[in-house]
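Residue strings, one per chain:
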Amino acid sequence: MNLNQLGWNYSLGCQFQPYANAGFSAGRVAVEHRGAYILYTERGEVTAEVAGKLRYQANQADAFPVVGDWVVIQPNETEQRATIHQILPRTSKFSRKAAGTKTEEQVVAANIDTAFLVSGLDQDFNPRRIERYLLLAWESGVTPVIVLNKVDLCEDVDAALVAVGAIAPGIPTVVLSAVQQSGLEQLAAYLQPGKTVALLGSSGVGKSTITNQLLGTAVQKVRAVRQADHRGQHTTTRRELLLLPSGSLIMDTPGMREIQVWATESSLDETFADVQALAAQCRFRDCRHDREPGCAIQAAIASNLLDESRFYSYQKLGKELNYLARKQDQRAHLDEKARWKKITKSLRQHYKK
C-alpha cells in the first residue's frame, strides 16, 4: 500500500513537508469508532488514537479526525499502532447538524471527490429527500451523482427520471439494480484510481449492496427492507473507507432518513436554481410568493411549470437554514459574552493580588 493509491497528491505533499522534516508520517482515516481509529498507511493498517495535545485543542466537533481525513502521525515502531498529532487541511467535508438540542456542526466525512446520492426506486422513492442530500453535496464542495437503485422494482422508470430531472437538472443520474448486478458499469467513470466516492442515502436504498458488488465480495452486511412500509433497516453502523479493485476508494455511510441540514444560503440557491430564477422575475423584489400580484413563482405553479411540492420544499429548507443561522448567531453571542466574563474575572483576581 502506498499513499498515492489512497489519494495522496502534490498539494498534500507540500502541506505535509514540515511534518516530514520533523520525523512524522502520514496516514488516512479508514474507520472511526467511538474515538478509536484505523488508518491506512505505507506500513499497512494501523490502529491509532488522538494525541493529548490535539484532544485538548479540539474544542469543537470538526477538530477531531473523521473518515477520509489525512492525518499526521507518530507510528509505534514495535506495534501496528500510531498517535495522531494533526489533521491536514480538508479539500471537502460533509457536515450535518449534530443530533440533540445543541446547534453544532457534525462533520461526517472528509476529502471526498464524488458523492453518490443513492435513492431506491421502490415505494420509498422520495424526491424531497434527494433535494436534502443535494443541498448537503453542494455545501460540501463535491460532485454529486444521483444513483437510482432497485430499477427491477420500479413500474415507471421514466416518471421517476422526470421527477429527478425536475429537481436536479444537469446532475448525472444513473439507473441500476445492485441486486441483479445491472447498470453498475455506469459508475466506472467515477471510480478512478486514487479518487474517493461516498455513498449517501437513507436506510434500505441499497448502499451496502452496491458496495459489495463493486468490491466483488460481501464485506458489508445487508438486510431486506420492511415490507409493511418499504423502509430500510440500519445495516451499516459506521463509516468506513474501502479500497476497490479499480484502485479507487469508496465510503459506505449509515443511513440518515431525515438528515439535519448544515448549509448556507448559497447552497440552497444552487440546489433550487430554478426557483431562484423564477423569483427574480417577480414584479416586486420583496415578493413573498403568496398572493402578491405579478408573482412569477405562483404563475409557474398555476401553469404546471413548477411543482408546488418543490416550492414548499424550498420554503421549508429555507426556514431551517434561517433558524440555524439565528441559533449560530445566538451561540456566538453567548460564547463571546462568556469569554469576556472570564477575562473580567481574571483581571479582578489579578488586581486583588
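Throughout, a residue's number is its position along its own chain's written sequence, starting from 1. pLDDT decides what is reported in this predicted model: residues at 70 or higher carry local features, side-chain atom pairs at 80 or more are listed and counted, and totals for whole chains, interfaces and linings draw on all residues regardless. Note that water and hydrogens are dropped before the side-chain values are worked out from all heavy atoms of the structure.

**Examining the environment of valine 50**
Rules: By definition, any uninterrupted DSSP run of H or I lasting at least four residues is a helix, any uninterrupted run of E lasting at least two residues is a strand, and each is numbered from the N terminus. Three labels apply to residues, based on accessible area from a 1.4 Å probe with only protein chains included: buried if under 20% of the type maximum, exposed if over 50%, partly exposed otherwise in between. Only heavy atoms enter the contact rule, under which two residues are in contact if any of them lie within 4.5 Å.
The residue valine 50 is located in strand 3 (residues 44–50) in this model. What makes valine 50 buried here is its relative accessible area of 6%. As for valine 50 and isoleucine 84, which are separated by 34 residues in sequence, their C-alpha atoms are 4.7 Å apart. Beyond its immediate sequence surroundings of up to four residues, valine 50 is in contact with Tyr37, Arg55, Phe64, Pro65, Thr83 and Ile84.

**Quick look at empty space enclosed by the protein**
A water-sized probe rolled over the atoms picks out the places where empty space is left. Short version of the rule: Detection works on a 1 Å grid of protein atoms alone, calling trapped sets that fit a 1.4 Å probe cavities and calling open sets with protein on both sides within 12 Å along at least five of seven lines pockets, with lining residues defined by an atom within 4 Å of a point. Grid points are joined across faces, edges and corners, and a volume is the space filled by probe spheres set on the points. For this classification, Asp, Glu, Lys and Arg are treated as charged, while Ala, Val, Leu, Ile, Met, Phe, Trp, Tyr, Cys and Pro are nonpolar and the rest, including Gly, are polar.
Per the counting criterion, the structure on display carries 1 cavity of 30 Å³ or more. Every residue lining the largest cavity is counted, 13 residues in all, and those nearest its centre are Val118, Ser119, Arg129, Ile130 and Tyr133. Sorting the residues of the lining of the largest cavity by element identifies strand 8 (114–120) and helix 3 (127–140) as the ones contributing at least two each. Within the lining of the largest cavity, the residues separate by chemical class into 6 nonpolar, 5 polar and 2 charged.

**Brief notes about the packing of aromatic side chains**
Short version of the rule: Working definition: rings of Phe, Tyr and Trp (its six-membered ring) pair if their centres are within 6.5 Å, and the pair is stacked with planes under 30 degrees apart, edge-to-face with planes over 60 apart, and tilted otherwise.
The full count for this structure, using the stated rule, is 7 aromatic pairs. Taken together through their ring pairs, the aromatic side chains of Trp8, Phe16, Tyr19 and Trp70 make up a single cluster.

**Brief notes about the pattern of salt bridges**
Rules: Only one rule defines a salt bridge in this text: a Lys or Arg side-chain nitrogen within 4 Å of an Asp or Glu carboxyl oxygen.
Using the criterion set out here, one finds 8 salt bridges in the structure. Between glutamate 131 and arginine 128 there is a salt bridge, and its shortest N-O distance comes to 2.8 Å. A residue pair is termed a helical-turn pair when its members lie 3 or 4 positions apart in one helix, as glutamate 131 and arginine 128 do in helix 3 at 3 residues. Among the residues examined, glutamate 131 registers a relative accessible area of 0% and is labelled buried. Accessibility expressed as a relative area gives 23% for arginine 128, which makes it partly exposed. With its nearest N and O atoms 3.2 Å apart, the salt bridge here joins arginine 288 to glutamate 292. Residue arginine 288 is classed as exposed on the basis of its relative accessible area, which comes to 64%. Glutamate 292 gets classed as buried once you look at its relative accessible area, which sits at 18%. Here the residues in one salt-bridge network are Arg128, Glu131, Asp274 and Arg310, joined through shared partners.

**Re the pairing of strand 12 (residues 240–243)**
The two faces of the sheet receive side chains in turn, since in a regular strand these alternate between them. Defined as follows: Think of it this way: DSSP has to see at least two bridges between two strands before they count as a pair.
Pairing between strand 12 and strand 13 (residues 249–252): 4 bridges, direction antiparallel. When the sheet's bridge partners are listed, leucine 242 is paired in strand 13 with isoleucine 250. Between strand 12 and strand 13, which pair antiparallel and follow one another directly, the connecting turn spans 5 residues, one of which, glycine 247, has a positive phi of 100°.

**Brief notes about the pairing of strand 3**
Direction of pairing for strand 2 (residues 36–41) relative to strand 3: antiparallel, over a ladder of 5 bridges. Looking across to strand 3, one finds that threonine 41 is bridged to glycine 44. The antiparallel pairing of strand 2 with strand 3 creates a hairpin that spans 2 residues between the two strands. Relative to strand 5 (residues 81–87), strand 3 runs parallel, the two being bridged by 4 bridges. Directly across from glutamate 49, in strand 5, lies its bridge partner threonine 83.

**Concerning the nonpolar core**
Let me state the cut-off plainly: Among buried residues, those of type Ala, Val, Leu, Ile, Met, Phe, Trp, Tyr and Cys that are joined through side-chain atoms within 4.5 Å constitute a nonpolar core.
Of all hydrophobic cores here, the largest spans 51 residues; its most connected members are Trp8, Leu39, Ile84 and Phe94. Considering each element in turn, this core owes the most residues, 5 residues, to helix 3. In this view, leucine 39 contacts Arg28, Val29, Ala30, Gly44, Glu45, Val46, Ala48, Val71, Ile73 and Ile84; residues no more than four positions away in its chain are not counted. In terms of nonpolar packing, the next biggest core, distinct from the first, is built from 19 residues, Val118, Ala178, Leu191 and Val197 among them.

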